[in-house]
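Listed below are the residues making up each chain.
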Amino acid sequence: MKFILSPELGRLTKWLRILSYDSYYFKGSSRALILKALKEDRVVLTSIVSLADELKAKVFIIKSQDLRTQLKELEESFGLEIDSSNMFSRCIRCNLELKELTREQAEEKVPVSIYQSRVSFYKCSKCKKIFWTGSHWKLAKEYLESINDNS
């Protein structure tokens, strides 16, 4: 499932990407957002109620401003998996799928301490950012577990 999110849902966009869902963050006009959603067969996620009147596009109104509640709404409505089993397979900046690097490919591109302490590295082909499992991975996993524990 592919999503397109309106500008007020930037934090939700980031977390959908962390969860490996194709999530385009759109900053243009509502009309342009709808056109892009139709062209790319994306579900519009927004808190702008007037967009629900757009009959041609699939629009889902996010009711809460709380991220945990937003994720639960999507889990219940779309069957999204809110767990850590497939985290960080997309670039949280660009939304592209990450490509795995060999240790040798990463060696000159990451700090020495990171290279020495990590086994797996990933790169975004668009922004060229390199990722590895670190404290952010552990914190994201704990956050997702807290959402599921409060179900």
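A brief structural summary.

What counts and how
- Each chain carries its own residue numbering, running from 1 in the direction its sequence is written.
- Confidence filtering applies because this is a predicted model: local features only for residues at pLDDT of at least 70, side-chain atom pairs given and counted only at 80 or more, and all residues used for totals across whole chains, interfaces and linings.
- Calculation of side-chain values draws on the structure's entire complement of heavy atoms; hydrogens and water are dropped beforehand.
- Each helix corresponds to a stretch of at least 4 residues labelled H or I by DSSP, and each strand to a stretch of at least 2 residues labelled E; elements are numbered beginning at the N terminus.
- It only takes one pair of heavy atoms within 4.5 Å for two residues to be counted as in contact.
- Any two of the Phe, Tyr and Trp rings considered here, Trp counted by its six-membered ring, make a pair once their centres fall within 6.5 Å; the pair's planes then place it as stacked at under 30 degrees, edge-to-face at over 60, or tilted in between.
- Summary of the burial criterion: residues with accessible area below 20% of their type's maximum are buried, those above 50% are exposed, and those between are partly exposed, where the area comes from a 1.4 Å probe applied to protein chains only.
- Here, a charge over a ring means that NZ of Lys or CZ of Arg falls within 6 Å of the ring centre while also lying within 35 degrees of the ring normal.

**Description of the environment of F121**
(1) Moving on: Structurally, F121 can be placed in strand 6 (residues 121–123).
(2) Moving on: Residues F121 and Q105, spaced 16 residues apart in sequence, show a C-alpha to C-alpha distance of 8.8 Å.
(3) Moving on: Leaving out residues up to four positions away in the same chain, F121 has contacts with K99, E100, L101, R103, A106, V110, I114, Y115, I130, F131 and W132.

**Digging into the packing of aromatic side chains**
To describe a pair of aromatic rings, one takes the distance between the centres and the angle between the planes.
(1) Moving on: Here the structure, examined in full by the defined rule, presents six aromatic pairs.
(2) Moving on: Look at F3 and F78: their rings are 5.8 Å apart centre to centre, the planes differ by 80 degrees, and that puts the pair in the edge-to-face class. One end of the pair, F3, is in strand 1 (residues 2–5); the other, F78, is in helix 3 (residues 67–78), with 75 residues separating them in the sequence.
(3) Moving on: Owing to a relative accessible area of 0%, F3 belongs among the buried residues under this scheme.
(4) Moving on: On the accessibility criterion, F78 (26% relative accessible area) is partly exposed.
(5) Moving on: Here the aromatic cluster, defined as three or more aromatic residues joined through ring pairs, consists of F3, Y21, F60 and F78.
(6) Moving on: Seen from the ring of Y24, K36 lies directly overhead, with NZ or CZ sitting 4.4 Å from the centre.
(7) Moving on: Against the face of Y115 rests R103, its NZ or CZ located 4.1 Å from the ring centre.

All we've got here are geometric facts, nothing functional implied.
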